[in-house]
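# Residue-level structure breakdown
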Amino acid sequence: QVQLVEYGGGLVQPGGSLRLSCAASGSIFSIDTMGWYRQAPGKQRELVATISSGGYTNYADSVKGRFTISRDNAKNTVYLQMNSLKPEDTADYYCYAHISTGVMRPRNEYWGQGTQVTVSS
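None of the values given here were measured: they were computed from a predicted structure.

Conventions and cut-offs
- Residues numbered from 1 in each chain as written.
- Predicted model: local features only at pLDDT ≥ 70, side-chain atom pairs only at ≥ 80, totals over all residues.
- Heavy atoms only, no water.
- Salt bridge = Lys/Arg side-chain N within 4 Å of Asp/Glu carboxyl O.
- Helix = DSSP H or I, 4+ residues; strand = E, 2+ residues; numbered from the N terminus.
- Polar contact = N/O pair within 3.5 Å; in protein donor to acceptor, adjacent residues only side chain to side chain.
- Contact = heavy atoms within 4.5 Å.
- Pairing = 2+ DSSP bridges.
- Axes fitted to C-alpha atoms, helices over the stretch in contact; angles between N-to-C directions.
- Buried < 20%, exposed > 50% of the residue type's maximum accessible area, 1.4 Å probe, protein only.

## Thoughts on the pattern of salt bridges
Enumeration according to the criterion identifies 5 salt bridges in this entry. Measuring nitrogen to oxygen at the nearest pair gives 3.1 Å for the salt bridge that ties D61 to K64. For R66, the salt bridge goes to D89, with nearest N and O atoms at 2.7 Å. Separated by 23 residues along the polypeptide, R66 in the loop between β6 (57–59) and β7 (67–72) and D89 in the loop between β8 (77–82) and β9 (91–100) bring together distant segments of the chain. Several salt bridges converge on common partners, so that one network encompasses R38, E46, R66 and D89.

## Topic: the side chain of E6
On the secondary structure map, E6 appears in strand β1 (residues 2–7). Here the side chain of E6 touches C95 through a polar contact of 2.6 Å, landing on its backbone nitrogen. Only 3.3 Å separates the side chain of E6 from the backbone nitrogen of Q113, close enough to count as a polar contact. Not counting residues up to four positions away in its chain, the partners in contact with E6 are S21, C22, W36, Y93, Y94, C95, G112, Q113, G114 and T115.

## Regarding the sheet that holds β1
Strand order in this open sheet of 4 strands is β1-β3-β8-β7, and the pairing throughout is antiparallel. This sheet does not close on itself; its edge strands, each paired only once, are β1 and β7. Strand-to-strand twist across the sheet, computed as the mean angle between neighbouring axes with direction ignored, equals 15°.

## Describing the pairing of β8
Counting buried residues in β8 gives 5 out of 6 residues, a clear majority hidden from the surface. In this structure, strand β3 (residues 18–26) lies alongside β8, joined through 6 bridges in antiparallel fashion. Residue pairing across strands places L20 opposite L80, the latter belonging to β8. Where β7 lies against β8, 6 bridges are found, and the strand directions are antiparallel. Bridged to S70 within β8 is Y79. Remark: 4 residues form the turn of the hairpin made by β7 and β8, two consecutive strands paired antiparallel; N76 in that turn has positive phi of roughly 50°.

## What about the pairing of strand β4 (residues 30–39)?
Counting buried positions along β4 gives 7 out of 10 residues, so the element sits mostly inside the fold. Here 8 bridges tie β4 to β9, and the two strands are oriented antiparallel to one another. Pairing of S30 across the sheet is with S100, part of β9. With 5 bridges connecting them, β4 and strand β5 (residues 46–51) associate as antiparallel partners. If you follow W36 over to β5, its bridge partner there is A49. The turn linking β4 back onto β5 is made up of 6 residues, and G42 within it adopts a positive phi angle of 80°.

## Description of the environment of W111
Tracing the backbone shows W111 in strand β10 (residues 108–111). With 76 residues separating them along the chain, W111 and G35 place their C-alpha atoms 9.7 Å apart. There is a polar contact of 3.0 Å between the side chain of W111 and the side chain of E109.

The following block contains the structure:
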């Protein structure tokens, strides 16, 4: 059993910062790509950022230069540092990870429960 738990959402004023965390736990053998998606009310889910096991990162154009994704492999945790937040960043943020639970076992995709981020004055 694998579980992803997110922390760090909340209400912040425009221009402010938040840091999201997502910790994976359970029967983990290895973790490949980790990342964050978001979904605003009435909108499609949007990929925010991804990070490979080797640290290669990829960002949506809408967050480049403002958000930074990182990971701590020893803690099986991925982070999303969000700076210069805008009202349009308001959404539910979900982390995901591609995890293998054993040798020779395929990687499966696991998701967190989501954390709400609201950017408003």
